[in-house]
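Topology and contacts: notes
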Amino acid sequence: MLETISLPEELIRVIGSETKDFAVKAARAQPVKNSVGLIIFSVLWLAFTSIFVITFLGPLFRGKEVEFFSNGVPAVAGPGNLEAITLPAIIIGIFALVGIGLLAFGLYSLFKQGGYFVGTPTRLINFHKGNYRSVDWEQFSGDVEVRGNDQKGTITLGMRTGKMVSSKNGPDRYVPDIYYIARIPDVFEIEQICRKRIKENDPTPPAG
């Protein structure tokens with residue numbers, strides 16, 4: 001059994017009398033690349049939105065009028081006539097709030113810790129700040145990916161659940177849900193344990 005840390009009392013009570021295959025503490029809730037990708041996307045989103053802020057609202061902030069088309073009709077808005085630009089300003093504001101929200105979530109996920117992970121013969125338990133999630137091994141598909149080295153690494157586990165995602169240039173495709181155990185020690189040993197338990201608890205009847 002791989003256990004190099006002491007576990008919180010609450011987690012010990014959750015495990016109960018079950019045998020522990022491994023117990024580790026994950027440095028992150030998800031891989032860094034996921035968070036960085038979201039941050040980059042949100043920054044680009046905000047940069048795109050800022051173009052409209054500067055174009056439509058910039059002159060108003062300087063006390064000048066702004067000319068634009070509304071439903072194909074020329075319109076003028078100024079410090080004393082803001083009614084014409086109210087709707088465009090609301091739309092731009094919504095886009096800006098979405099970008100800020102995405103950026104905030106990306107930064108939050110970048111620094112969010114993953115908590116404790118404990119594997120037993122029948123389930124995988126995640127415990128973080130008093131809350132725990134328990135997933136039976138049979139819920140995983142057996143699609144396992146490992147990145148890292150002997151010191152630190154990340155395990156990505158594919159699940160049997162997922163959703164259909166539409167595609168512009170092709171048919172809809174099924175995308176499975178993903179479960180991360182990010183930035184943990186002994187990653188290769190824990191990967192082998194995960195593979196073993198997933199195979200042992202596989203609900204799919206053997207071929208033949």
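Heads up: the structure comes first, above all this text.
These remarks concern the structure in this document. Quick caveat, the model's predicted, so the values are computed rather than measured. (Residues numbered from 1 in each chain as written. Predicted model: local features only at pLDDT ≥ 70, side-chain atom pairs only at ≥ 80, totals over all residues. Heavy atoms only, no water.)

Some details on the sheet that holds strand S9 (residues 153–167)
Ordered in space as S8-S9-S10, the three strands form an open sheet in which the pairing is antiparallel. Every interior strand has two partners, whereas the edge strands, strand S8 (140–148) and strand S10 (170–184), have only one. Averaged over all adjacent pairs, the angle separating strand axes in this sheet is 40 degrees, with direction ignored. As paired strands, S8 and S9 are joined by six bridges and run antiparallel to one another. Its bridge partner being in S9, Glu145 is matched across the sheet by Thr156. Packing of helix H4 (residues 187–200) onto the sheet brings it into contact with S8, S9 and S10, and relative to S8 it is tilted by some 175 degrees. (Pairing = 2+ DSSP bridges. Helix = DSSP H or I, 4+ residues; strand = E, 2+ residues; numbered from the N terminus. Axes fitted to C-alpha atoms, helices over the stretch in contact; angles between N-to-C directions. Contact = heavy atoms within 4.5 Å.)

Looking at the pattern of salt bridges
Here the structure, examined in full by the defined rule, presents six salt bridges. Across the pair Arg147 and Glu145 runs a salt bridge whose closest N-O atoms are separated by 2.7 Å. For Arg147, a relative accessible area of 51% translates into the label exposed. Look at Glu145 and you get partly exposed, because its relative accessible area is 34%. When salt bridges with common partners are traced through the structure, they connect Asp21, Arg197 and Glu200 into a single cluster. (Salt bridge = Lys/Arg side-chain N within 4 Å of Asp/Glu carboxyl O. Buried < 20%, exposed > 50% of the residue type's maximum accessible area, 1.4 Å probe, protein only.)

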